[in-house]
Amino acid sequence: MASPMRSLLADPDRYLQSFRLFLERSTEHQCMQEFVERQLPDVIASIGNGKSTINVLSVGGGAGEMDLQILSKIRARYPRATINNEVIEPSADQVSKYKERVAQASNLENIKFTWHKETANEYESRMNTEKKAKKWDFIHMIQMLYYVKDVPATIQYFHSLLESQAKLLIILVSGKSGWETLWKKYGSSFPLEDLCCYVSSADLPRMLDSAGLKYQLYELPSHLDITSCFIEGDKDGELLLDFLTETLDFAKTAPPELKRQLMEELRKPGCSENRDGKVFFNSNLGVIVIEP
C-alpha cells in the first residue's frame, strides 16, 4: 500500500508556518548574523578594490533579511561604490516580502535592486539562451542548494561567473549537525518531491576538490528547541516535526514504526542534547567561501 506521507512543500502555507516556527525556536538567524558581523568583513575585504560598481548576486534570496545585512557590510567596506544587487528567488510571496523590506529600509541609496522570479536553474537557462555571462564580484547561496537537481554543476556554473577578486559564499546545514544524522538514516523514508537532495557541508569538499576549486570552511554552532516534539498532540511540536522531516503531518501520517524510531533518534547525542529538561536539536550550519 502506498504511504500516505506527502512532502511538506505540497502545502506552502504549512511549510511557511513550520519554517517561521523553526526560525523562532532556533538560533539559525543569530548564528548567520554573527558570521556576517565577525567574518564577512574579511571575506569581502578585496572584492570591490578599485571598482565604482560592485555587482552582487543573491541566489535564493528569500525575503531578503540576510541579504540586507550582507549588503550593509559591503557598503560599509566600499562606501563610495554603487552596489548592483540582483536577486534570484522562485517564490512570488518571498519576492514581495523582500520588496517590502527594501521599501521600509533606510540607507539603501547607493544600492540598486533587481528581482528575478525564477530558480537558479531557470536563471542559468535564461542566461544561456540570451548568450549572456554577466560577471559578479560577490555571489551568495544561503540555504538553497537542497533545491537544485545537480549540486556540483550548479556550484560550477555560478563559480564560472566570478570576477578575478570575487567570492562565492555558500551556507547550508553542517555535516556535523543533527540534520546529517536524520537524512543519512531516514532520508529514503521521507517523501522528497521538490526537495531534490539532502546535501550538507560534509558533501562539498569532495565536490570542490574534484573540481580543483580553492575554498575555506567555517562551522556555525546553532541549536533548535524541539522539546514540544515529544508532547503528544502539541501543535507546535507537530509543525517542527514536519519541518525536520519535510513531511506534511508527519506525526499523523508516518508509519508507527518509522515515527517511533525517529523520535528515539531525535533524543540521541548524534542529533540533540538534553539541557535543563529541554531537548535541543543540533542545527549547526556550515559556511563555504569559494575563491575564483
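All figures in this text were calculated on a predicted structure; none of them were measured in a lab. (Residues numbered from 1 in each chain as written. Predicted model: local features only at pLDDT ≥ 70, side-chain atom pairs only at ≥ 80, totals over all residues. Heavy atoms only, no water.)

With that settled, the discussion passes to the pairing of strand E2 (residues 53-59). Most of E2 sits out of view: six of its seven residues are buried. This β-α-β element, E2 to helix H4 (residues 65-77) to strand E3 (residues 82-88), shows right-handed connectivity. Pairing analysis gives four bridges linking E2 to strand E5 (residues 136-142), with the strands arranged parallel. Within the sheet, the bridge partner assigned to leucine 57 lies in E5 and is isoleucine 139. (Buried < 20%, exposed > 50% of the residue type's maximum accessible area, 1.4 Å probe, protein only. Helix = DSSP H or I, 4+ residues; strand = E, 2+ residues; numbered from the N terminus. Right-handed = clockwise from strand over helix to strand, strands pointing away. Pairing = 2+ DSSP bridges.)

Time to look at the environment of isoleucine 171. If you trace the backbone, isoleucine 171 turns up in strand E6 (residues 162-173). On the accessibility criterion, isoleucine 171 (4% relative accessible area) is buried. Expressed as a C-alpha distance, the spacing of isoleucine 171 and tyrosine 218, which sit 47 residues apart in the sequence, is 9.4 Å. Setting aside residues no more than four positions away along its own chain, isoleucine 171 makes contact with Met32, Met141, Ile142, Gln143, Leu285, Gly286 and Val287. (Contact = heavy atoms within 4.5 Å.)

Counted under the stated rule, the structure contains 21 salt bridges. In this structure, aspartate 236 engages arginine 25 in a salt bridge whose closest nitrogen and oxygen atoms are separated by 2.8 Å. On the criterion of sequence distance, the pair formed by aspartate 236 in helix H10 (residues 235-245) and arginine 25 in helix H1 (residues 12-25) is long-range, its members being 211 residues apart. Exposure remark for aspartate 236: the relative accessible area of 29% places this residue in the partly exposed category. Of the charged contacts in the structure, one is a salt bridge between lysine 73 and glutamate 37, with a shortest N-O distance of 3.2 Å. Here the residue lysine 73 occupies a position in helix H4, and glutamate 37 occupies one in helix H2 (residues 28-38), the gap between them amounting to 36 residues. (Salt bridge = Lys/Arg side-chain N within 4 Å of Asp/Glu carboxyl O.)

Of the pockets and cavities examined, the largest pocket occupies roughly 1500 Å³. Along the wall of the largest pocket there are 47 residues; nearest its centre are Tyr15, Phe19, Glu89, Gln94 and Tyr147. At the level of secondary structure, the elements contributing two or more residues to the lining of the largest pocket comprise H1, H2, H4, helix H5 (92-104), helix H6 (120-129), helix H8 (178-186) and H10. The residue inventory of the lining of the largest pocket, partitioned by class, reads 26 nonpolar, 10 polar and 11 charged. (1 Å grid on protein atoms, 1.4 Å probe; cavity = no way out; pocket = protein on both sides within 12 Å on 5 of 7 lines; lining within 4 Å. Points joined across faces, edges and corners; volume = space filled by probe spheres on them. Nonpolar A, V, L, I, M, F, W, Y, C, P; charged D, E, K, R; others polar.)

The next subject is the sheet that holds strand E11 (residues 278-282). Spatially, E8-E11-E10 is the arrangement adopted by the three strands of the open sheet, whose pairing is antiparallel. A strand with exactly one partner marks an edge of an open sheet, and here the two such strands are strand E8 (223-225) and strand E10 (272-275). Averaged over all pairs of adjacent strands, the angle between strand axes in this sheet comes to 30°, irrespective of strand direction. Across three bridges, E8 lies against E11 in antiparallel orientation. (Axes fitted to C-alpha atoms, helices over the stretch in contact; angles between N-to-C directions.)

What the seven strands build is an open sheet, ordered E4-E3-E2-E5-E6-E12-E7; its pairing is mixed. Edge strands, defined here as strands with exactly one partner in the open sheet, are strand E4 (111-116) and strand E7 (215-220). Across this sheet, the average inter-strand angle for adjacent strands is 15°, counted without regard to direction.

Its place among the elements puts serine 7 in strand E1 (residues 6-7). Judged by its relative accessible area of 0%, serine 7 falls in the buried class. In terms of polar contacts, serine 7 uses its side chain to reach the backbone amide nitrogen of leucine 9, at 3.1 Å. (Polar contact = N/O pair within 3.5 Å; in protein donor to acceptor, adjacent residues only side chain to side chain.)

As a further point, take H5. For H5, which comprises 13 residues, the first-to-last C-alpha distance of 19 Å matches the rise-based estimate of 18 Å (1.5 Å per residue) to within 8%. When H5 is considered as a whole, its buried residues turn out to be Gln94, Val95, Tyr98 and Val102. Looking down the long axis of H5, one finds its buried residues gathered within 100° of arc, a one-sided arrangement. Away from its buried face by more than 90 degrees, H5 exposes Ala103 and Gln104. Along its buried surface, H5 packs onto H4, E3 and E4. (Expected span 1.5 Å × (residues − 1). Arc of directions from axis to C-beta.)

So, about the packing of aromatic side chains. By the definition in use, this model includes 18 aromatic pairs. For the pair tryptophan 179 and phenylalanine 243, a centre-to-centre distance of 6.1 Å together with 75° between the ring planes defines the contact as edge-to-face. On the criterion of sequence distance, the pair formed by tryptophan 179 in helix H8 and phenylalanine 243 in helix H10 is long-range, its members being 64 residues apart. Tryptophan 179 gets classed as buried once you look at its relative accessible area, which sits at 5%. A relative accessible area of 8% places phenylalanine 243 in the buried class. Ring plane angle 80° and centroid distance 5.1 Å describe the contact between tryptophan 179 and phenylalanine 281, whose orientation is recorded as edge-to-face. Here phenylalanine 281 lies in strand E11 and tryptophan 179 lies in helix H8, a separation of 102 residues in the sequence. (Phe/Tyr/Trp six-rings, centres within 6.5 Å; stacked < 30°, edge-to-face > 60°.)

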